[in-house]
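Survey of secondary and tertiary structure
Spelled out from the first residue to the last, the chains are:
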Amino acid sequence: MKTLNIETATNLLHEKMKNKNLRRHCYAVGKVLHAYHDFYEREDRDVDSLSANEWEIVGLLHDSDYEITKDDWSLHTVMLLEWLKDYEVKDEMLNVFRSHNTKITNLRNPETLLEWTLECSDELTGFIVAVALVMPGKNLDEVTVERVLKRFKQKEFARAVDRSQIMQCVEKVNVPVDKFVEIALDAMKQNSELLGL
Ligand SMILES: [Fe+2]
Ligand SMILES: [Fe+2]
C-alpha cells in the first residue's frame, strides 16, 4: 500500500492530468479546502477527524481523473476511486470522492462538512479566476469580496457557473456567502503564483 500525502497526491495528479489549467483548478480547490478547514477549527466545528492537509489532498485529487474521463462522465471519480485502491486512504476521504459526482454516479449523497464544503467551493474557485481575468492586471491583486459578489448578480458573467451551488454554503455549511467567498479568495491570493494569477 502506498502512502497518500500532499506530495504523493500531487504526483498522482500530475501523472494523470497534463493540462496546466485543469491542474490549477485542482491546486485551487486544495488550497481553499485547507483554508476552510483552518477556519472551521477556529470555530470549533467538526472537521471529520481529518487534518487540513487531508482536506487539501481531497481538493487536489477531486478532479484528477477528469482529463481522462471527460468524454464519459459516468467514470468521473469512479476511476479515481480505482486508483486509490493502491493507497492507504481514510474512508472519510474516499466518501468525499463518492459524493463528488453523485448526480451521475449515485455513489453517495454529500453529508459531511468536507463533502458540502467541496460542493460549494468547487465552482467558486473557477468563478474567482473568471473575476480575476477581467481585472486590468488579469490577476487576483484587485479582486475583492465585493467585486466577486457583484459579479454573482450579473447573470451574463461566467454564465456557466451555477451560483446556486455556491450559495448553498449558507444552508449546508452554515457560513454566510461573503465569509465563504472571503476565505476562498484569501487562500487563492496566498497561492497566486501556484495558480498563475
Ligand atoms: Fe468534478
Ligand atoms: Fe472541480
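An unreviewed UniProt entry lists the protein chain under the name HD domain-containing protein, with candidate division WWE3 bacterium RIFCSPLOWO2_01_FULL_41_9 as the source organism.

Of all hydrophobic cores here, the largest spans 64 residues; its most connected members are Tyr36, Tyr40 and Leu84. Mapped by element, the contributors of at least two residues to this core are helix H1 (6-16), helix H2 (20-42), helix H3 (52-61), helix H5 (78-83), helix H6 (91-100), helix H8 (113-133), helix H9 (145-153) and helix H12 (177-190). The contacts of Tyr40, once residues within four sequence positions are left out, are Arg45, Val47, Trp55, Leu113, Thr117, Val173, Val175 and Phe180.

A word on the coordination of the iron ion (ligand 2). In this structure, His25 (NE2), His62 (NE2), Asp63 (OD) and Asp122 (OD) serve as the protein donors to the iron ion (ligand 2), at separations of 2.1 to 2.2 Å. Seen from the iron ion (ligand 2), its four donor atoms lie at angles of 84 to 174°, and the figure they make is irregular. Considered as a linear motif, the donors of the iron ion (ligand 2) on their single chain read H-x36-H-D-x58-D. Residue His62 is classed as buried on the basis of its relative accessible area, which comes to 0%.

At this site the iron ion (ligand 1) is bound by Asp63 (OD), His76 (NE2) and His100 (NE2), with donor distances of 2.1 to 2.3 Å. Summarised as a motif, the one-chain spacing of the donors to the iron ion (ligand 1) is D-x12-H-x23-H. In this structure the iron ion (ligand 2) is found 4.0 Å away from the iron ion (ligand 1), and Asp63 serves as a bridging donor for the pair. Residue His76 is found in the loop between helix H4 (66-69) and H5, and its partner His100 is found in helix H6; the two are separated by 24 residues along the sequence. Across the pair, His100 and His76 agree in class, each one buried.

Cut-off values and rules
- Residues numbered from 1 in each chain as written.
- Chains lettered and ligands numbered in written order.
- Predicted model: local features only at pLDDT ≥ 70, side-chain atom pairs only at ≥ 80, totals over all residues.
- Heavy atoms only, no water.
- Core = buried A, V, L, I, M, F, W, Y, C linked by side-chain atoms within 4.5 Å.
- Buried < 20%, exposed > 50% of the residue type's maximum accessible area, 1.4 Å probe, protein only.
- Helix = DSSP H or I, 4+ residues; strand = E, 2+ residues; numbered from the N terminus.
- Contact = heavy atoms within 4.5 Å.
- Donors = N, O, S within 2.8 Å, 3.2 Å for Na, K, Ca; no water.
- Tetrahedral: all angles 85-135°; square planar, octahedral: opposite > 155°, others 65-115°.

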